Amino acid sequence: MSQIRPATKEDIDGIVAVYDRVKLHRDKLSDPHYSAYIQKHGFLLGQETRGSLFDLIGGSYEFLVSIDSGLVNGFLIADHKDKFNDDDYKTWFDPKLKSEYLSSLRAITLTAIAVDPACLGQGIAAKLLNRLLLDLKTDGFQYLFSIVTIAPITNCPSLVWHAQNGFKRLAMGKPREKLFDLNWYASILFYTPIV
Ligand SMILES: CC(C)(COP(=O)(O)OP(=O)(O)OC[C@H]1O[C@@H](n2cnc3c(N)ncnc32)[C@H](O)[C@@H]1OP(=O)(O)O)[C@@H](O)C(=O)NCCC(=O)NCCS
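Residues numbered from 1 in each chain as written. Predicted model: local features only at pLDDT ≥ 70, side-chain atom pairs only at ≥ 80, totals over all residues.

Going by an unreviewed UniProt entry, the protein chain carries the name N-acetyltransferase domain-containing protein and comes from Candidatus Amesbacteria bacterium RIFOXYB1_FULL_44_23.

Visitor: Account for the overall build of the protein chain, naming residues and giving values.
Guide: Helices and strands together make up the secondary structure of the protein chain, namely six helices and nine strands. For the protein chain, the spread of C-alpha atoms along the three principal axes comes to 45 × 45 × 30 Å. Relative to its full complement of 195 residues, the protein chain shows a buried share of 33%. Considering only residue pairs separated by 6 or more positions, the protein chain has 73% of its internal contacts joining residues 24 or more positions apart. (Helix = DSSP H or I, 4+ residues; strand = E, 2+ residues; numbered from the N terminus. Buried ≥ 20, exposed ≤ 12 C-beta atoms within 10 Å, placed from the backbone. Contact = placed C-beta atoms within 7 Å.)

Visitor: Now, about the site of the ligand: what can you tell me, with residues and values included?
Guide: Around the ligand, the surrounding shell holds 24 residues, and the nearest of these are Gly42, Ala125, Ala126, Pro157 and Val160. Those elements giving two or more residues to the shell around the ligand turn out to be helix H2 (32-41), strand E5 (107-115), helix H5 (124-138) and helix H6 (156-164). Among the elements that line the shell around the ligand, the one with the most residues is H6, at six residues. Its residues assigned to classes, the shell around the ligand shows 15 nonpolar, eight polar and one charged. (Near = placed C-beta within 6 Å. Nonpolar A, V, L, I, M, F, W, Y, C, P; charged D, E, K, R; others polar.)

Visitor: Which residues make up the pairing of strand E3 (residues 71-79), and what values go with them?
Guide: Side-chain direction in a regular strand flips from residue to residue, so the side chains alternate between the two faces of the sheet. With seven of nine residues buried, E3 is to be regarded as a mostly interior element. Alignment of strand E2 (residues 62-68) against E3, held across seven bridges, turns out to be antiparallel. Bridging from a neighbouring strand, aspartate 68 pairs with leucine 71 of E3. The hairpin formed by E2 and E3 contains two residues between the paired strands, and serine 69 there has a positive phi angle of roughly 50°. Bridge analysis of E3 against E5 gives six bridges, and the strand direction is antiparallel. Bridge assignment links leucine 76 to a residue of E5, and that residue is isoleucine 113. (Pairing = 2+ DSSP bridges.)

Visitor: Please give an account of unusual backbone geometry that cites residues and values.
Guide: Cis geometry marks the peptide bond from alanine 151 to proline 152, where omega comes out at 10°. Considering the arrangement of structural elements, one finds proline 152 in the loop between strand E6 (143-151) and H6. Located in the positive-phi region is phenylalanine 180, a residue other than glycine, with phi close to 55°. With respect to the helices and strands, phenylalanine 180 occurs in the loop between strand E8 (176-179) and strand E9 (182-193). Phi at tryptophan 184 is positive, roughly 50°, even though this residue is not glycine. The residue tryptophan 184 is located in strand E9 in this model. Residue tryptophan 184 is classed as exposed on the basis of its C-beta count, with 11 C-beta atoms lying within 10 Å.

Visitor: Help me get a handle on the environment of lysine 9, residues and values and all.
Guide: Examined against the element boundaries, lysine 9 turns out to sit in the loop between strand E1 (3-6) and helix H1 (12-22). For the pair formed by lysine 9 and tyrosine 185, sequence separation is 176 residues and the distance between their alpha carbons is 32 Å. Once residues lying within four places of it in the same chain are set aside, the contact partners of lysine 9 are Phe54 and Ile57.

Visitor: An account of the nonpolar core is needed here, citing residue identities and associated values.
Guide: Within the largest apolar cluster, 45 residues are counted, with the highest numbers of intra-cluster contacts made by Ile15, Leu64, Phe75, Leu76, Ala114, Leu128 and Phe190. No other element matches the seven residues that E5 contributes to this core. Apart from residues no more than four positions distant in its own chain, phenylalanine 75 is found in contact with Ala7, Ile15, Val18, Leu64, Val65, Ser66 and Ala114. (Core = buried A, V, L, I, M, F, W, Y, C linked by C-beta atoms within 7 Å.)

Visitor: Residue-level account of the environment of leucine 189, with values.
Guide: Summarising the element assignment, leucine 189 is placed in strand E9. C-alpha of leucine 189 to C-alpha of methionine 172: the two residues are 17 residues apart in sequence and 6.5 Å apart in space.

Visitor: How would you sum up the environment of arginine 176? Please name residues and give values.
Guide: Within the secondary structure layout, arginine 176 lies in strand E8. The exposure class assigned to arginine 176 is partly exposed, which follows from the 16 C-beta atoms found within 10 Å. The spatial distance from the C-alpha of arginine 176 to the C-alpha of isoleucine 38 is 21 Å, given a sequence separation of 138 residues.

What follows is the structure in structure tokens.
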């Protein structure tokens, strides 16, 4: 049974091991088998390093790990979204929430969530999210935002997971010729109220 707790610096090896298993390999994107596999199983953009992940432990609003038999099998990072300001979203489905996303101190962003591919479908990501939502409620936050990649490849499990866990679509991103070292990157911004 997995336990959820705040990450410590001692968890870094386990976090990096999970991160490396789910990070995107841009050099393999032209391989249809790889492209199909990651669109089915999900991926992180893969631009963090061991050092940047290490700094985020204690350096972000919340960094949680899921532990089973002493091993990290999932993690979640949430942080203030003012580091991720981005007004290139073309279509806002609820313009009132645009200002919450761009400038509210009552809002926070789920910047990463990942589960070891060997442990998918056991509710680990949902447990990580539920712990975050409890802590956000305690701290008086109103909204949690989350960004999911839809191009040049689509994170299918993440889209379904967000829907299943109560997130709604807030904005549709305009494709950018080059972003995150990807061609024609586009995303969907989700949100959930914290109740
Ligand atoms: C997305 C992710 C975090 C889900 O983790 P998880 O622990 O398997 O998720 P949970 O067990 O909490 O939830 C399972 C639900 O997620 C959705 N889901 C998960 N994998 C799916 C898939 N391959 N296809 C469709 N839906 C999927 C379904 O709604 C599923 O519920 P169901 O089993 O009743 O159909 C996991 O796939 C992952 O780590 N992927 C790699 C990293 C990633 O993509 N992170 C998100 C970046 S935005």
